[in-house]
Amino acid sequence: MSSDVVVGSRVAVVGGGVVGLSAAWLAASSGFAVTLVDPCPARGGASWVAGGMLAPVTEAWPGEEAVLALGSDSLARWPDFAARLRADSGADPGLDEAGTLVVAVDGADAEVLRVLADHLAGLGRAVRSLTGRELRRLEPGLGPSVRCGLDVPGDLAVDNRALLTALLAACERRGVRFDRRRVASVDTGRVHLDDGSTVDTDVVVVCAGAWSGSLHPALAGLIRPVKGEILRLRARRGALPPPSRTVRALVEGRPAYLVPRRDGLVLGATQYEAGFDADVTVGGVRDLLRDAERVMPGLAEYALDEAVTGFRAGSPDNLPLIGEVAPGVLVAAGHHRNGLLLAPVTAEAVLAMLRGDVPPESARVADPARLAAVSR
Ligand code: GLY
């Protein structure tokens, strides 16, 4: 970042999902004059449709140790982030600290969990293995098909919609200005809008998720949409209550997750490389419901309230891009499956860069410069 960016400077944040709102909130709280540009802040994009898992450990996989380290740092920031947000917004951001179970249905699924448990133990993050019976004692709604699993109490969840509502309120209280026009592109000192006009600014922060790649030439080819279909189910009168913890499952090799909400649960998610195809497919919904019923048979009594598609912002190495890509142009995007998890550390990193401070050490791996060869 150029050293002439000082508190009081104008900052245009492009994108009103969890990352953009969090960055705007912290920047405005620190004295920057922030304009957030998004036609539908807090309502569109992946943040709105997400399940809300804050789950670096249960998302971990061999070869992705940097993702785990970054996620773990951000998770450690979550309780303070939520407490501060609650105080600033007057709204409950919906942090759920009940923990996570990962369960397996067939023998191959159990073997995958064993590999995950060994990998985590090798990193000094031992998790507890449980039998099917032990799992059912913790979560009586789990069905007889569940044969074994892992208890990961440190992986948390958040009600993403409560969070977005709280962030919007906190931004408003801190004086963030909202510009509800559509963005065409950005460059140094300017946000170009679809209507041909511009927003002049000192710094631009691109937080437009899967759409970020088209906004500045330095981001072309670095961020792509990764389609996911996700369902919201409501517990009807007489139905079994939702699980008290997040339940992640492998069902004959297919992953699914059930993230509890006050009145039901979020069931996700498919994952395809299908560009911006927003259709919810019959096959996607069928697979999610069939697999979830194997895990929790009582779900058949639930109401299906919502079936939607979201677009994760994929990057070439599954790490986000957080840093400067041109003079006065920052990016904070490419969070793939972990936007909600990584919001606190991302917002802190953006704030540090705006101030000319050193970003959190864990965020160094997200420096977009690492991908320069890919974008050429
Ligand atoms: N974070 C879970 C997902 O992307 O489906």
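Placed above this text is the structure.
Residues numbered from 1 in each chain as written. Predicted model: local features only at pLDDT ≥ 70, side-chain atom pairs only at ≥ 80, totals over all residues. Heavy atoms only, no water.

Let us look at the packing of helix α1 (residues 18-29) against helix α3 (residues 65-89). Contact geometry of α1 with α3 gives a least axis separation of 13 Å together with a crossing angle of 65°. Relative to α3, the element α1 is oriented roughly perpendicular. Considering the relative orientation of α1 and α3, their crossing is left-handed. For the pair formed by α1 and α3, the contact residues are S22, W25, L26 and S29 on the first element and F81, R84, L85 and D88 on the second. A breakdown of the residues in the contact of α1 with α3 according to their chemical character gives four nonpolar, two polar and two charged. (Axes fitted to C-alpha atoms, helices over the stretch in contact; angles between N-to-C directions. Helix = DSSP H or I, 4+ residues; strand = E, 2+ residues; numbered from the N terminus. Parallel < 35°, antiparallel > 145°, perpendicular 65-115°, else oblique. Left-handed = near helix turned anticlockwise from the far one by under 90°. Contact = heavy atoms within 4.5 Å. Nonpolar A, V, L, I, M, F, W, Y, C, P; charged D, E, K, R; others polar.)

We now examine the packing of aromatic side chains. According to the stated counting rule, one finds five aromatic pairs in the structure shown. When the centroid spacing of 5.4 Å and the interplanar angle of 75° are considered together, the rings of W25 and F81 count as edge-to-face. One end of the pair, W25, is in helix α1; the other, F81, is in helix α3, and 56 residues separate them in sequence. Looking at W25, the relative accessible area reads 0%, which means it is buried. With relative accessibility at 7%, the residue F81 sits in the buried group. Measuring from centroid to centroid gives 5.2 Å for W78 and F81, while their planes differ by 70°, and the two rings are edge-to-face. Separated by three residues within a single helix, W78 and F81 lie in helix α3, roughly one turn from each other. Considered together, W78 and F81 belong to a single accessibility category, that of buried residues. The ring of W25 carries the charged tip of R84 above its face, separated from the ring centre by 5.3 Å. Taking NZ or CZ as reference, R161 lies 4.2 Å from the ring centre of W48, over its face. (Phe/Tyr/Trp six-rings, centres within 6.5 Å; stacked < 30°, edge-to-face > 60°. Buried < 20%, exposed > 50% of the residue type's maximum accessible area, 1.4 Å probe, protein only. Lys NZ or Arg CZ within 6 Å of the ring centre and 35° of its normal.)

Counting 55 residues, the largest nonpolar core has L21 and V34 as the members making the most contacts within it. Counting residues per element, this core draws most heavily on helix α8 (residues 339-355), at eleven residues. Ignoring any residue separated from it by four or fewer positions in sequence, one finds L21 in contact with G15, G16, L36, A42, L164, L167, L168, C171 and F178. Within the second largest apolar cluster, 24 residues are counted, among which are V37, V204, L215 and L222. (Core = buried A, V, L, I, M, F, W, Y, C linked by side-chain atoms within 4.5 Å.)

Our next topic: the environment of E252. Looking at the secondary structure, you find E252 in the loop between β15 (246-251) and β16 (254-261). What makes E252 partly exposed here is its relative accessible area of 42%. For the pair E252 and A110, spaced 142 residues apart in the sequence, the C-alpha separation amounts to 9.7 Å. For E252, the residues in contact, after removing those within four places along its chain, are D106, D109 and R294.

The side chains of a regular strand alternate, first on one face of the sheet and then on the other. The element strand β1 (residues 10-14) is largely enclosed, with a buried count of four among its five residues. With five bridges joining them, β1 and strand β2 (residues 33-37) adopt parallel strand pairing. Bridge assignment links V13 to a residue of β2, and that residue is L36. Of the crossover connections in this fold, the one passing from β1 over α1 to the parallel β2 is right-handed. (Pairing = 2+ DSSP bridges. Right-handed = clockwise from strand over helix to strand, strands pointing away.)

This next bit is on the side chain of R161. As for its placement among the helices and strands, R161 is situated in helix α6 (residues 160-173). In this view, R161 contacts W48, V49, R232 and E306; residues no more than four positions away in its chain are not counted.

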